Amino acid sequence: MTSNSRVVVIGAGLAGVTLARRLGELGTPVTLIGEEEHRPYNRVLLAEVLAGRYGPEVIALPAPAGLTRARVTGIDRAGRTVRCADGPPIAYDTLVLATGSNAVLPPLRGLFTPDHELPEGMHAFRTMDDCLGLSGAVRPGIRAVVIGGGLLGVSAARALAVRGAQVVLAQQSERLMERQLDPAASRFVRRHLEDLGVEVHTECRVRDVRSVGGAVRSVELADGYALGADLVVLACGVRPRVGLAQAAGLEVRTGVVVDDGLRTSDPHIHAIGDCAQHAGQVYGLAAPALEQADALAGLLAGDPAARYTGTRSLTRLTLTGPHSPFDLAAFGETDLRPGDDVVQLADATRGTYRKVVVRDHRLVGGVLVGELGTVGALARAWEGAEPLPSDGGPLLHLLTNEGDSR
Ligand SMILES: Cc1cc2nc3c(=O)[nH]c(=O)nc-3n(C[C@H](O)[C@H](O)[C@H](O)COP(=O)(O)OP(=O)(O)OC[C@H]3O[C@@H](n4cnc5c(N)ncnc54)[C@H](O)[C@@H]3O)c2cc1C
């Protein structure tokens, strides 16, 4: 290792903790700075905590050595130090930004109280504190409105319904999880939520929030209809946390721009995870955050072959309910282009749906709902991007061979 004697990582989420652990294993000590009060945890599993399936301690990440609890407020690139809200500046030779994302707060009238706070009962769904706040407020029969029908909104609605809330999910676009799922798979997700008692409204835009005495009472839709609400969850997407990078004059587009060495426009500063933008992509998913952490650990430990070239990331979601768990996986492109071949198997009774899309003899995408036995084989065929034999037989085999769920 050359100039990496003092490695400082900002952000103790999935990416930062994984990097610190890997570097620790490779003999490089790291100062990991995280602002959250809780022991680092796996954010992907927050919905399971909200649903009451796991206690917060179950989703804790293996504790890294050298964790400093502080909020970093600035980077002095010339002096190579970071400033914290409390305490003296921390010097670095190599700095890593792993600051994650913030929840997007939608532009709704009445979203903030006159004191610029969210009204009581209104919660984002990003952090352990958000999760514990929601968990403490939910009780059987309470009226909850979830705004947003992506992965986060669907997970939150399911968790609240499992806890006995009367849940309405308001989704602005025409179907649930439209970024990952095709219309047929979306319908399966909708049916699963409805079976849990969730009322799903699509093409439904929330306009106003009404509060009384600082506590939320209803949300009003664009057509004037009001939904009574004791609890509102904002699940309107996330935005990379780039404030520190921007203030330090690093190149930032949607995320902090990095090259294949996960290096920002300052060679002493790297970025990984949700806050990073590589080859135009900001992923916002766990698998790329972990792959970037692994690649950067190799690079900083002096592995000449280590670099990051992008992640073909698969979205997986398990919605456990009181009766039946519901699994889905989606990857690549699931909307068809002219000339694409598609193999599709649906069984409405069993609630399963499987589809793969082939373009120029290569697997380019797929959705599996309710039956994930073939996901490992499909993901490998997709990641390998090898041409498939042209008779179509192996494709059907890939879709139906249930012996491999890795
Ligand atoms: C409810 C929920 C469900 C999800 N489900 C899935 C899923 O099913 N599949 C999937 O792939 N992804 C899922 N995700 C997304 C996944 O959690 C993220 O992609 C992943 O956590 C990114 O890791 P990260 O380390 O980049 O960021 P984060 O996990 O957000 O960690 C960043 C950390 O940096 C800290 N930080 C930021 N700025 C500072 C500062 N200035 N000083 C100190 N600390 C700072 C933050 O407080 C935070 O702890 C989900 C996310 C949520 C919220």
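Structure's up top.
The paragraphs below set out a description of the structure included in this document. Quick caveat, the model's predicted, so the values are computed rather than measured.

Concerning the environment of Val-252
Next, step 1: Relative to the assigned elements, Val-252 resides in the loop between helix H6 (243-247) and strand E18 (256-258).
Next, step 2: The spacing of Val-252 and Ala-276 is 24 residues in sequence and 8.9 Å in space, taken between C-alpha atoms.
Next, step 3: Among all residues touching Val-252, those that are not within four sequence positions of it are Val-242, Ala-245, Gln-246 and Val-257.

Focus: the pattern of salt bridges
Next, step 1: According to the stated counting rule, one finds 22 salt bridges in the structure shown.
Next, step 2: For Lys-355, the salt bridge goes to Asp-182, with nearest N and O atoms at 2.8 Å. One end of the pair, Lys-355, is in strand E24 (residues 352-359); the other, Asp-182, is in the loop between strand E11 (166-170) and helix H5 (183-195), with 173 residues separating them in the sequence. There is no split in this pair, since Lys-355 and Asp-182 are both buried.

Thoughts on the pairing of strand E7 (residues 94-97)
Next, step 1: A two-sided burial pattern is seen for E7, the buried positions comprising Thr-94 and Val-96 on one face and Leu-95 and Leu-97 on the other.
Next, step 2: By the bridge criterion, 4 bridges tie strand E1 (residues 7-10) to E7 in an arrangement that is parallel. Paired with Ile-10 across the strands is Leu-97, a residue of E7.
Next, step 3: The pairing of E7 with strand E19 (residues 269-271) spans 3 bridges and is parallel. Bridged to Val-96 within E19 is His-270.

Re the site of the ligand
Next, step 1: In the region of the ligand, 31 residues are neighbours, and Glu-35, Glu-36, Arg-43, Arg-126 and Asp-274 sit closest.
Next, step 2: Within the contact set of the ligand, an oxygen atom lies 2.8 Å away from a backbone nitrogen or oxygen of Ala-15.
Next, step 3: Computed on the free molecule, the ligand has an accessible area of 1,000 Å², of which 94% lies beneath the protein chains in the complex.
Next, step 4: Those elements that provide at least two residues to the shell around the ligand are helix H1 (14-25), strand E2 (30-34) and helix H4 (151-162).
Next, step 5: Its residues assigned to classes, the shell around the ligand shows 15 nonpolar, 8 polar and 8 charged.
Next, step 6: Residues lining the shell around the ligand come from more than one domain, with at least three contributed by each of domain 1 (7-102 + 239-300) and domain 2 (122-236).

Calculation notes
- Residues numbered from 1 in each chain as written.
- Predicted model: local features only at pLDDT ≥ 70, side-chain atom pairs only at ≥ 80, totals over all residues.
- Heavy atoms only, no water.
- Helix = DSSP H or I, 4+ residues; strand = E, 2+ residues; numbered from the N terminus.
- Contact = heavy atoms within 4.5 Å.
- Salt bridge = Lys/Arg side-chain N within 4 Å of Asp/Glu carboxyl O.
- Buried < 20%, exposed > 50% of the residue type's maximum accessible area, 1.4 Å probe, protein only.
- Pairing = 2+ DSSP bridges.
- Near = heavy atom within 4 Å.
- Polar contact = N/O pair within 3.5 Å; in protein donor to acceptor, adjacent residues only side chain to side chain.
- Areas by Shrake-Rupley, 256 points an atom, 1.4 Å probe, with all protein chains shown as cover.
- Nonpolar A, V, L, I, M, F, W, Y, C, P; charged D, E, K, R; others polar.
- Domains from an automatic or database assignment.

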